[in-house]
Amino acid sequence: MRSALSEQPHGHTPHHPYLQHHFDSMGQQMEASTLGMWVFLVTEIMFFGGLFMAYLVYRHQSPTGFQEASHHLNIYWGAANTAILIISSLTMAFAVRAAQTSQPRAAQVGWLIATMVLGAAFLGIKAIEYAEKFRDRIVPGPYFQWEGLYPKPAEQFYSLYFAMTGLHALHMIIGIGIMTVITIMAWKKQFDGDYYTPVEVAGLYWHFVDIVWIFLFPLLYLIGRHYHAG
Amino acid sequence: MDTTPAPLNYLNNGHTLGSWLLTKDHKRIALLYLLSITVFFFLGGFFALMIRLELLTPAADLVEPDTYNKLFTMHGIIMVFFFLIPSIPAVLGNFLIPIMIGAKDLAFPRINLLSWYIYVLGGLFTIVAAVTGGVDTGWTFYAPYSTSASNSNVILAGLGVFITGFSSILTGLNFIVTVHRMRAPGLTWFRLPLFVWAHYATSLIMILGTPVVAITVLLVAVERGLHLGIFDPALGGDPILFQHLFWFYSHPAVYIMILPAMGVVSELVQAFARKNIFGYAFIAFSSLAIAVIGFLVWGHHLFVSGQSTYAGLVFSIISMFVAIPSAVKVFNWTATLYKGSVSWDSPMLYAFGFIGLFTIGGLTGLFLATLGMDIHMHDTYFIIAHFHYVMVGGAIFGYLGGLHYWWPKITGRMYPEGWAKFACLNIFVGFNLTFFPQFIVGYLGMPRRYAMYAPEFQVYNVLSTAGATILGIGYLIPMIYFVWSLKHAPLAGPNPWGARGLEWEIPSPPPTENFAATPIVTAGTHQYAPSHEVGIV
C-alpha cells in the first residue's frame, strides 16, 4: 500500500516525538487535551445529575423513610472510604507533580501505584458493604426485607444507593484501568516537563470521581443521622 | 494546487478497507457516517411507509394494532436517534468544521473514529431489538409502560439509545475543543462561518443534554432488569420524574436537529444571494440563545401529565421565548436576500423550502406552547404535523441542501442539476401533501399512535399516504444521481459556486491534511464583495 503522506516533508523543524501531526505545538496539544477532559467532566456531571435529581425528588417525598433507611449503612466503612479517596487524590496530585517536574521514573510510578492501591482498597471496602447488604436482604427486588416502619421508601433508598454507588464504583474501575495505562507509559519514561498531558488528564478524571463520592457520602450516609426512627 | 493528472486527495490516499475502517481523517469518518445514517434513514423510512399504508383505511387491516405500535416506535427511535441527531453534525459538520477553521483535523481524531464505532454498536443493538420482535413503547419510553407493562425489547432498544448517546457526546466534545483550540491564526470568533457557530451551539446541547437521557434510559433498563424502583409506581417510583428527565434532553434534542440545519441555511443564503449575511452577530448569538432557552422549556411536554398549573404557565411562556431567536434568523435570512443576486440552484431551493416550512413548523409550535390550546391539541396529529414540519421540512431540507451544496467539495464532482431540481420539487410537494392534512385532521381531533381512526378522517389520511409516496420517491432520486455522479458527472473544480469560505479555497476533493500550509486569516471568511464576478461553472 502506498503511503503517500509519509513521502511528503512532514515538518519543517524536528518536533517532539509525542506531538500529534494535526497540532501545531505541544502547548496547543496540551490545551486541547485538558479542555477535552474538562468538557467530558461536564458531561459526567450531567450524567450523575440525573441520579442526584431522582435522589432529591424521592428524599423530598419521603424524608423520614430515607432517614430510617440510611441508618442501615455502615458509617465507619463510609468514612474510611472517604478518607481513602481523599488520600488517593493527594497521591494523584503528587504523581502529576512528579511528571511535570521531570522527577525520576521511580517517583512517578510509585505515586501512580499508590493511587491505584488506594482505589482498589476503596472498591474492596465497597464490596464488603455490598456483601453486608446482600446478607441482610436489603437489596431491592423480590427478596427485599425491611423491619422498619417505611419499607417502600427504604427499598427506593437502596435502589438509589446501588444505582449511585454502583455507577461510581464503575467509574473507579475505569479509573484504575486508565491508571494502569498511565503507569505503563510512566514506566517507559514517556513523561517529563515537556510532555505530561496524559498524567494530568487522567488526574482530572480521578479527582472528579473522588468529588462525586464527596457528595455521595453525606447524601447517603450522613444526612439525618441524628434522627432515630421508631 | 497545480493540476497533475491524479492529484492526491483524501479519497484516493489509500484504497484498502483498513484505510477506511481505521482512518483518523475527519473527512473519511464523515463519509462513514454518511453511509451508515443513509442506511438508517431508509430503514426508518420503511417503517414510515408501513405506518402510512396502514392508515390508508380506518380499520386496522394491514397490520395488527400491536405491530402498528412497534412500527411507529421503531420509526421514531431510528429517525430521531440514528438519523436526525447525527445527520448534519456527524456528516457535514465532521467534514467541514476543521476545513472551515483552517485546521488539519478535529482535535481528537481517534475519539472521532471511536464515536462512529459507538454509533454503529448502538445501531446494531437497535436493529437486533427490531428484528427480534421490536419495541412498542413509543420512542419516548414512557414509564410505567416501558418499565413494567410492555413485554417487548425495551432493554435492548434502550441500551441502543444509551450507547449511541455517547457517540453524540463525543462528537459534541470534539467540536467544542476544536473550535476553541484549533482555529487558524487570525480566525477570531466573529470571523467564523455561521455554520461553525451553529455547530458550536449544537455541541453545547449535545454535551449537556445527552448524558441526562443516557442515565434516564439506563435507569429504565436497570429497572426492568434488576427491579430497582426508580420510575415504576409499583416499585415506589415516579413516572413523572421519567418524563422530566427524558424531556430535559429530548426537547433540547430538537435543537440538536434544527440548529445545524440553520447553520447550513446561513451558508446557502449567502452563497446563492452573493451577499454577506445580514446581521452576522445576531444570527451567531441567536444560535446560542436557542441552545440556552431550549434547556428551559421541557415542561411543555408535560402540560397534561399532572404538572402544576403554575409550572405549566411558566413553561408555556418560556417556550414562546424560543420563537424570538428563531425569528431573528428567519428575518435575517430574508433580509440577506434583499437586493441580492439570487440564483436558483438546487441547494438554494432547499434553503427556500427550509425557510418557508420551518416558519410554518415554528409558528404552529407557538399554538402548542399556548397552555390552553395544547390541552386540545395534545397527542393529536396536529403535533405530528408540527414536529415533522420542523424535523423534515427543517432538518432534512437543511441536510439535503447542505449535501448538494458541498457534494462537489466532498466528491470532486457535480451532480445533475436538472434532476436535483426535480427531486427537490418532488420532496417539497410530497412533504406538504403528507403533513399539511395532518394539521387539519389533528385539529379535528384525530389522536396519534392508533392503528384505527374514525371514518370521517379517511380523506385526510389518504392525502397523507399519497404525499408520503411522492416524498419517498423524492428521497430515492438523489440517492440514485449522487451514486451515479461519483463516476460520471463532470469534475467540479475547487469552487463551482463561486462561494466564499476556506473550504472553497482548497482542491475538491480536499487533500488528506486539508491545507498545504496553515492559512492565515485576515478578514471574515465570507466576504462577498459587491463587484465580485459571478462565475458558476
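Residues numbered from 1 in each chain as written. Chains lettered and ligands numbered in written order. Predicted model: local features only at pLDDT ≥ 70, side-chain atom pairs only at ≥ 80, totals over all residues.

Draft legend 1. Quick peek at the overall build of chain A. The helix and strand inventory of chain A stands at seven helices and zero strands. Shown N-terminal to C-terminal, the secondary structure of chain A runs as helices and strands in the order α-α-α-α-α-α-α. Computed over C-alpha atoms, the radius of gyration of chain A comes to 22 Å, more than 25% over the 17 Å expected from 2.2 N^0.38 for 230 residues, which places it beyond the range of a compact globule. With respect to the three principal axes, the spread of C-alpha positions in chain A is 75 × 35 × 35 Å. Split into buried and exposed, the 230 residues of chain A put 36% on the buried side. Across chain A, the fraction of contacts at a sequence separation of at least 24, relative to all contacts at a separation of at least 6, is 78%. (Helix = DSSP H or I, 4+ residues; strand = E, 2+ residues; numbered from the N terminus. Rg over C-alpha atoms; globule rule 2.2 N^0.38 Å. Buried ≥ 20, exposed ≤ 12 C-beta atoms within 10 Å, placed from the backbone. Contact = placed C-beta atoms within 7 Å.)

Draft legend 2. Inspection of the packing of helix H2 (residues 26-61) of chain A against helix H7 (residues 197-222) of chain A at higher detail. All names here are of chain A. Put simply, H2 and H7 touch, their axes get as near as 10 Å, and they point 15° apart. It follows from the interaxial angle that H2 and H7 lie roughly parallel. Along this stretch, H2 crosses H7, giving a crossing that reads as right-handed. When H2 is examined against H7, the residues Gln29, Met30, Ser33, Thr34, Met37, Trp38, Leu41, Glu44, Phe48 and Tyr55 are found in contact with a partner set consisting of Thr197, Glu200, Val201, Leu204, Tyr205, Phe208, Val212 and Leu219. Here the residues of the contact of H2 with H7 sort into twelve nonpolar, four polar and two charged. (Axes fitted to C-alpha atoms, helices over the stretch in contact; angles between N-to-C directions. Parallel < 35°, antiparallel > 145°, perpendicular 65-115°, else oblique. Left-handed = near helix turned anticlockwise from the far one by under 90°. Nonpolar A, V, L, I, M, F, W, Y, C, P; charged D, E, K, R; others polar.)

Draft legend 3. Fine view of helix H16 (residues 458-488) of chain B. Between its first and last C-alpha, H16(B) extends 45 Å over 31 residues, near the 45 Å set by a 1.5 Å rise per residue. The inward-facing, buried residues of H16(B) abut helix H2 (26-54), helix H14 (381-411) and helix H15 (417-443) of chain B. (Expected span 1.5 Å × (residues − 1).)

Draft legend 4. Geometry of the confidence of the model for chain A. With 92% of its residues at a pLDDT of at least 70, chain A reaches an overall mean of 90. pLDDT under 50 marks residues 1-11 of chain A. Its contacts with residues more than four places away, or in other chains, come to six contacts. (pLDDT = per-residue confidence, 0-100.)

Draft legend 5. Up close: the packing of helix H6 (residues 151-187) of chain A against H7(A). Residue and element names in this part refer to chain A. For the pair H6 and H7, interaxial distance at closest approach is 10 Å and the crossing angle is 160°. Taken together, the axes of H6 and H7 are roughly antiparallel relative to one another. For the crossing formed where H6 meets H7, the hand is left-handed. Side by side, H6 and H7 meet where Tyr161, Met164, Thr165, His168, His171, Met172, Gly175, Ile178, Met179, Ile182 and Met185 of the first sit next to Pro198, Val199, Ala202, Tyr205, Trp206, Val209, Val212, Trp213, Leu216 and Leu220 of the second. A class-by-class count of the residues in the contact of H6 with H7 yields 17 nonpolar, four polar and no charged.

Draft legend 6. The interface of chain B and chain A, seen in detail. Opposite the 36 residues of chain B that make contact, chain A presents 32 residues. Elements with a contribution of two residues or more to the side of chain B that touches chain A: helix H6 (154-181), helix H7 (194-226) and helix H8 (239-273) of chain B. By residue number, the principal contributor to the side of chain B that touches chain A is H7(B), which donates ten residues. Residue classes in the side of chain B that touches chain A are distributed as 22 nonpolar, ten polar and four charged.

Draft legend 7. Region of the structure containing H15(B). With 27 residues, H15(B) extends 39 Å between its outermost C-alpha atoms, agreeing within 8% with the 39 Å of an ideal straight helix rising 1.5 Å per residue. One or two steps after H15(B), the chain reaches B:Gly445, where phi turns positive at roughly 115°.

Draft legend 8. Seen up close, unusual backbone geometry. Note the cis peptide between B:Ala143 and B:Pro144, where omega equals 0°. The omega torsion across B:Ser508 and B:Pro509 is -10°, close enough to zero to call that bond cis. Along the polypeptide, B:Pro509 turns up in the segment after H16. Of note, the phi angle at A:Ser102 is positive, near 55°, even though the residue is not glycine. Inspection of the secondary structure assignment puts A:Ser102 in the loop between helix H4 (75-100) and helix H5 (105-135). Residue class for A:Ser102 comes out partly exposed when judged on the 13 C-beta atoms lying within 10 Å of it.

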